[in-house]
Amino acid sequence: DSNYVGGIVGWIDYLMQNTNVRDSLISSQGSYVGGIAGSNEIANNHKHYIYNFIQNTTIEGYSKVGGITGQYKVGSIYYNYINANINVTGHTAGGIVGYLDNTGMTNANNVSNIYNNYVAGTTINAPEKVGGIIGDSTQELLEGHYYNNFIEANLKTDNIQTTSLGIGGRKQDSTLTNTYVYKYSILNGEYVNTSNDTFQEEYYATLENLKDRNFYINKLKWNTYTYNYNMLTQNK
């Protein structure tokens, strides 16, 4: 029944880098549950998640549950990979962040950034406020801080109005830059489309896109020194 439960730590206020959680179960009936950390609550300029991955792991909680962290505040989340089953009995679940506490955020103060992350083969199941990237946020998101992410997920919810492959509770997918979703991602049993989600069709990625190195470099704006594209030569 605990709050603040994570695959590595329950609560942290500093850098989390080069960690991984594999083949695991992270489970609580409380809130603030994450694949890496349960929550980051106090503002700290060094509060980043870099080069972490979650693989073949189930993450469960009542509310504010995320693939990387249940709750996030100030800092940056980038170069992370999430492959998980996220199950929430109450509300607010996200493939990367369950709940973004962006209270008082401007372009200069209390800034959070989420970019260059990859969510794949992930199922997210919650009654409401379900997002492929973020489940929900305290206030409206600012443009220019959430970009270059790729999402391939299966979302299940009782409330489609607060569900999206991008930002669930607010459906502010227009604030996302260079963010793509796999065209066969699923919302409540149906493939994602312009009727059930807010992504424009130009941001749907096909299987052929995923086999093409140029898609990652030119569309997602991923670089050539962090990512290894050799597997693509094997048609994978």
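The structure under discussion appears in the preceding block.
Novice: Is there a simple way to explain the overall build of the protein chain in this structure?
Specialist: Regarding its fold elements, the protein chain presents 2 helices and 24 strands. Compactness check: the protein chain gives a C-alpha radius of gyration of 16 Å against a globular reference of 18 Å for 236 residues, within 12% of the reference. Seen through its principal axes, the protein chain has C-alpha atoms that stretch 45 × 40 × 40 Å. Counting only residues that meet the buried cut, the protein chain has 54% of its 236 residues in that class. Working note: accessible area of the protein chain is about 10200 Å², and carbon and sulfur atoms make up 43% of it. Taking the average location of the 14 positive side-chain charges in the protein chain and that of its 19 negative ones, the two points are 6 Å from each other.

Novice: Would you explain unusual backbone geometry in this entry?
Specialist: Note: most residues except glycine have negative phi, and most peptide bonds are trans. In this structure, tyrosine 4 takes a positive phi of about 60 degrees despite not being glycine. Following the sequence through the fold, tyrosine 4 ends up in the segment before β1 (5-6).

Novice: Can you help me understand the environment of serine 28 in this one?
Specialist: Mapped onto the elements of the fold, serine 28 is located in the loop between β5 (25-27) and β6 (31-34). Taking C-alpha positions, serine 28 is 14 Å from asparagine 85, a pair spaced 57 residues apart along the chain. In terms of polar contacts, serine 28 uses its side chain to reach the backbone amide nitrogen of glycine 30, at 2.9 Å.

Novice: Hey, could you run me through the sheet that holds strand β7 (residues 37-39) in this one?
Specialist: Strand order in this open sheet of 5 strands is β2-β7-β10-β13-β17, and the pairing throughout is parallel. Looking along the sheet, the strands with just one partner apiece sit at the ends: β2 (9-11) and β17 (134-137). Adjacent strand axes in the sheet meet at a mean angle of 20 degrees when their direction is disregarded. Alignment of β7 against strand β10 (residues 69-72), held across 2 bridges, turns out to be parallel. Following the sheet pairing, alanine 37 is matched in β10 by threonine 69.

Novice: Would you explain the packing of aromatic side chains in this entry?
Specialist: Aromatic rings considered in pairs are described by the distance between their centres and by the relative angle of their planes. Tallied over the full model, the rule gives 20 aromatic pairs. Taking the ring centre of tyrosine 99 as reference, the NZ or CZ of lysine 64 above it sits at 4.4 Å.

Cut-offs used in this document
- Residues numbered from 1 in each chain as written.
- Predicted model: local features only at pLDDT ≥ 70, side-chain atom pairs only at ≥ 80, totals over all residues.
- Heavy atoms only, no water.
- Helix = DSSP H or I, 4+ residues; strand = E, 2+ residues; numbered from the N terminus.
- Rg over C-alpha atoms; globule rule 2.2 N^0.38 Å.
- Buried < 20%, exposed > 50% of the residue type's maximum accessible area, 1.4 Å probe, protein only.
- Areas by Shrake-Rupley, 256 points an atom, 1.4 Å probe, with all protein chains shown as cover.
- Lys, Arg positive; Asp, Glu negative; His and termini not counted.
- Charge placed at Lys NZ, Arg CZ, Asp CG, Glu CD.
- Polar contact = N/O pair within 3.5 Å; in protein donor to acceptor, adjacent residues only side chain to side chain.
- Pairing = 2+ DSSP bridges.
- Axes fitted to C-alpha atoms, helices over the stretch in contact; angles between N-to-C directions.
- Phe/Tyr/Trp six-rings, centres within 6.5 Å; stacked < 30°, edge-to-face > 60°.
- Lys NZ or Arg CZ within 6 Å of the ring centre and 35° of its normal.

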